[in-house]
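# Understanding the architecture of this molecule
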Amino acid sequence: MNLITSISLITAFFGGMVALFAPCCITFLLPSYLANIFKSKTNVVTMTIIFGLGLATILVPTALGIRAVGQ
């Protein structure tokens, strides 16, 4: 992996971490996530993975589409 790719991945990771504290995430996503994981305390890891996959299903194609338009 070259230097530019490494820097881009690190920047994207920290950008995602900062985005978690955006008002829309805290107001809408966090309560729905907490409501789902606390239904069954034995399945917290499973529910977390499913919730993350659900978000990725929407956000990854959207980001790739925006990237394609931008290029």
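Computed from a predicted model, the values in this text were never measured in an experiment.

### Digging into the overall build of the protein
What the protein contains, in helices and strands, is three helices and zero strands. The order of α-helices and β-strands along the protein, N terminus first, is α-α-α. Relative to its length of 71 residues, the protein is extended, with a C-alpha radius of gyration of 15 Å against a globular reference of 11 Å. Seen through its C-alpha atoms, the protein measures out along the principal axes to roughly 45 × 25 × 20 Å. Looking at the protein as a whole, 6% of its 71 residues are labelled buried.

### A closer look at the confidence of the model for the protein
Atomic detail in the predicted coordinates should be set aside for any region of low pLDDT. Residues at a pLDDT of 70 or more form 94% of the protein, whose mean pLDDT is 76. At the level of individual helices and strands, the protein shows its lowest average pLDDT in helix α2 (residues 23–37), which scores 72, and its highest in helix α3 (residues 44–70), which scores 83.

### Quick word on α3
In a regular helix each residue adds 1.5 Å, so 27 residues correspond to 39 Å; α3 covers 38 Å between its end C-alpha atoms and thus fits that length. Within α3, the axis deviates most sharply at A56, by approximately 30°.

### Some thoughts on the layout of surface pockets
Approximately 400 Å³ is the volume attributed to the largest pocket. Lining the largest pocket are 16 residues, and of these A19, L20, C25, L29 and L55 lie nearest its centre. Breaking the lining of the largest pocket down by element, the ones donating at least two residues are α1 (3–19), α2 and α3. For the lining of the largest pocket, the element with the most residues is α2, which contributes six residues.

### Side note on a nonpolar patch on the surface
Where nonpolar side chains cluster on the molecular surface, the patch consists of I10, F13, F14, M17, L20 and F21 and spans about 670 Å² of accessible area. Structurally, M17 can be placed in helix α1.

Conventions and cut-offs
Residues numbered from 1 in each chain as written. Predicted model: local features only at pLDDT ≥ 70, side-chain atom pairs only at ≥ 80, totals over all residues. Heavy atoms only, no water. Helix = DSSP H or I, 4+ residues; strand = E, 2+ residues; numbered from the N terminus. Rg over C-alpha atoms; globule rule 2.2 N^0.38 Å. Buried < 20%, exposed > 50% of the residue type's maximum accessible area, 1.4 Å probe, protein only. pLDDT = per-residue confidence, 0-100. Expected span 1.5 Å × (residues − 1). Bend = angle between axes of the 7 residues up to and from the residue. 1 Å grid on protein atoms, 1.4 Å probe; cavity = no way out; pocket = protein on both sides within 12 Å on 5 of 7 lines; lining within 4 Å. Points joined across faces, edges and corners; volume = space filled by probe spheres on them. Patch = residues over 30% accessible without salt bridge, like charges linked within 9 Å, V, L, I, M, F, W, Y side chains within 5 Å. Areas by Shrake-Rupley, 256 points an atom, 1.4 Å probe, with all protein chains shown as cover. Salt bridge = Lys/Arg side-chain N within 4 Å of Asp/Glu carboxyl O.

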